[in-house]
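Geometric and topological summary
This is what each chain is made of:
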Amino acid sequence: MKNQQENIIEIKNLITSLGGAVIHKKLNLNVKKGEVLGIVGGSGSGKTTLLRAILSLLKPDSGSIRIFGKEITTASPKTLLEIQKRWGVLFQSNALFSSLTLLENVMFPLKEHTHLNEKSRRDLALLKIGLAGLSAEAAVKYPAELSGGMQKRGGLARAIVLDPELLFLDEPTAGLDPETAAGFDELILNLQSTMGLTIVMVTHDLDSLWKVTNRVAFLGDGVVLSVESMPELVKNKNPLIQEFFGGPRGRAAEEGYGHKH
Amino acid sequence: MTAQPAIHYNSSSRQLQFSGDWELANLPRLQTMLAKLSLPNSGEIIFNGEAIGRMDSAGAWQIIELKKQLEAKGAKVRLQNFAEESVKLLKIVDTKLNEEGDLPAIKKPNPIAKFGYQTVVQLRELQTYLAFVGQLTFEFLRLVFMPANWRWNSLAAVIYRTGWQALPIIALLSFLIGVVLTYQMGLQLRNYGANIFIVDLLGLSVLREFAPLITAIMVSGRTGSAFTASIGMMKLNQEIDALDTLGVTPAELLLIPRIMGLFIALPLLTMWSDIFGVLGGIVTSNNMLGITWYDFLRRFPQAIPLRSFLIGIGKAPVFALIISSVGCFQGMQVKNSAESVGQNTTKSVVLAIFFIIVADAIFSIIFSKMQL
């Protein structure tokens, strides 16, 4: 917390292509420590690809991605593991292991990466399940027995169980009803303030963008068109951005939250 | 990188001094330190958090846990000099721990109850299987009169995948079985100088038993499992539900083409297997027993009645129905998880092979009673 402006992720001149199609053309993006950064853009603008590149699930053609000051595109498996222990990821479809109960799912990273005893692991996992807003009854169930919203919360519990400094959320509120989605937004804010997390979230949810994010990166034409706070971003003159936020839904969300910012 | 955490108890001021980084990574070390620490069981103890560097929720949990343990023993705990964020975190962890109930106990059934439960589950599954077969029969009868709804493309694709693509492996396998059988039987026959009777033995065993059985077992591993896995994935992906809502029954589009396809392909494969099984026999008898191709093929029609061939081929459609109906049934039974695809695929192959052998035994009894 000493230096608020410290960059936790630095992406420089990133070029990626999927199956011959170029997705990112020299993309630059910085994520500051302690902020909640939203990533938006139209369908096919490369949001998920960018996330996959940052998570080193996909090798970029060229460019550099530095996380916690370490280059990950060329990192050795050992360095990468060190970084992986410091981040948490919530995937769009939760990616809970279907053969394990929720509790076992959340305990899994603790089992792999710490030397805690069984009881401590279980208690810590239960604490995180509680922080994610689920009860102990849900903990012993298998993912398939949980509702969509509960699965999301379960996924989040697994993502924060190692007390990460950096949390990636891919469409955290997609597929949730408005009330659950709003609750999820609250939860994210709550965790962010108590655990001092840096959060990078890819989302389409305009309400989430207004409510949760500090800054928003708008992806289009293979680059980051603009990174600014929501009230500034909606005033941006770029036609792609205007088109995105100018629709009736964009305006409705703006009216709902505009005054608070 | 991180400051070593430490904990120290000052008995005169009754202060427990925390220092360093109370983080998840340091937790195991902290727990060992705590275990060595002897703390009083009564009176007031002050937790001094002045020297704590960083604290995450795991560290907070450990402090709350310690506080609870001491309070349970009868001591009073007071927190002092913790940083503002730490106090907030401690408070949240504390309330969450209190809110969170205990894990619901999982009842372990006794062995007898388990046995009973398993029996009921198996019987239920048998019942669902029979219902499934009945439903398919009705669907089939409905479709017989609606030729416009026959799925020729799917049928052709199934025959291509299950029949045509299986030709090389079935040929190789049958050839080897022919070689092995001839070798083993030839050793015995040679002792009696009855070399030529290898034709009778080999022809009968391959045509009546080995070719249909080996082909069916191979196909249930190759095709039955594929049926289960593909239908199971479609079930998980809600494709089956989608079909239902679009007014196309899954049976019409997915199940019946598979069943009919295998019904056609398996007898053909069995015939193919007959050819290569006998060929393996011919090659081996030529080398080992000195029976020329000419001798072998001249004796073959004399020794082997057409009946044997027909009995062998006649079993294949029954085996085909077993493989495809079990495969499709297990696919439709897939529920919820990827795990279940694996389990049902295993079940599909095991059950199919089991029923194939049972059916073969029943055939043997029937044929011997009928003196065929």
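Sequence order as written defines residue numbering, which begins from 1 separately in each chain. Each chain gets a letter, beginning with A, and each ligand a number, beginning with 1, in the order they are written. Thresholds applied to this predicted model are a pLDDT of at least 70 for local features of residues and 80 or more for the giving and counting of side-chain atom pairs; totals over whole chains, interfaces and linings are not thresholded and use all residues.

For an interface, size is often stated in terms of accessible area lost upon the parts coming together. When its domains are assigned, chain B resolves into domain 1 (6-99) and domain 2 (133-369). Here the bounds of each domain stem from an automatic or database domain assignment. Inter-centroid distance (C-alpha atoms) of domain 1 of chain B to domain 2 of chain B is 69 Å.

The interface is formed by 26 residues belonging to chain B together with 22 residues belonging to chain A. Each helix is a run of H or I in the DSSP string that is no shorter than four residues. Each strand is a run of E no shorter than two, and both are numbered from the N terminus. Elements that contribute at least two residues to the side of chain B that touches chain A include exactly helix 1 (27-36), helix 2 (57-73), helix 3 (84-99) and helix 12 (338-369) of chain B. With seven residues, helix 3 of chain B is the single largest residue contributor to the side of chain B that touches chain A. Here the residues of the side of chain B that touches chain A are counted per class, giving 13 nonpolar, five polar and eight charged. Placing a C-beta atom from the backbone of each residue, one calls two residues in contact when those atoms lie within 7 Å. Amino acids outside the nonpolar list (Ala, Val, Leu, Ile, Met, Phe, Trp, Tyr, Cys, Pro) and the charged list (Asp, Glu, Lys, Arg) are all regarded as polar, and Gly is one of them.

All names here are of chain A. Despite not being glycine, N13 shows a phi value in the positive range, around 50°. On the secondary structure map, N13 appears in strand 1 (residues 7-18). The residue N94 is not glycine, and still its phi comes out positive at about 70°. Structurally, the position occupied by N94 is in the loop between strand 6 (87-90) and helix 3 (102-113).

Right, let's talk about the confidence of the model for chain A for a bit. Summary statistics for chain A give a mean pLDDT of 85 and a share of 97% for residues scoring 70 or more. pLDDT is a per-residue confidence score from the predictor, ranging from 0 to 100. Least confident of the elements in chain A is helix 11 (residues 248-257) of chain A, whose mean pLDDT is 77; most confident is strand 8 (residues 198-202) of chain A, at 91.

What follows concerns the domain arrangement of chain A. Residue and element names in this part refer to chain A. Each assigned domain of chain A is listed with its residue range as follows: domain 1 (1-86 + 169-174 + 184-261) and domain 2 (96-163). Averaged C-alpha coordinates put domain 1 and domain 2 at centres separated by 26 Å. Across the contact, six residues belong to domain 1 and eight residues belong to domain 2. In terms of residue class, the side of domain 1 that touches domain 2 is made up of five nonpolar, no polar and one charged.

What follows concerns the sheet that holds strand 5 (residues 70-71) of chain A. What holds strands together in a sheet is hydrogen bonding between their backbones, with the strands either parallel or antiparallel. Residue and element names in this part refer to chain A. The rule for pairing is simple: two strands pair if DSSP sees at least two bridges between them. The strand order across the open sheet formed by four strands is 2-1-4-5, and the pairing between neighbours is antiparallel. Strands with a single pairing partner mark the edges of an open sheet, and in this sheet they are strand 2 (21-32) and strand 5. In the sheet, strand 1 pairs with strand 4 (residues 62-67) via five bridges, with the strands oriented antiparallel. Note on strand 4: the bridge partner recorded for I15 is S62. Only the contacting stretch of a helix is used when fitting its axis, a line to C-alpha atoms as for every element, and angles between N-to-C directions run 0 to 180 degrees. Each of strand 1, strand 2 and strand 4 touches helix 1 (residues 47-54); the most contacted strand, strand 1, lies at about 120° to it.

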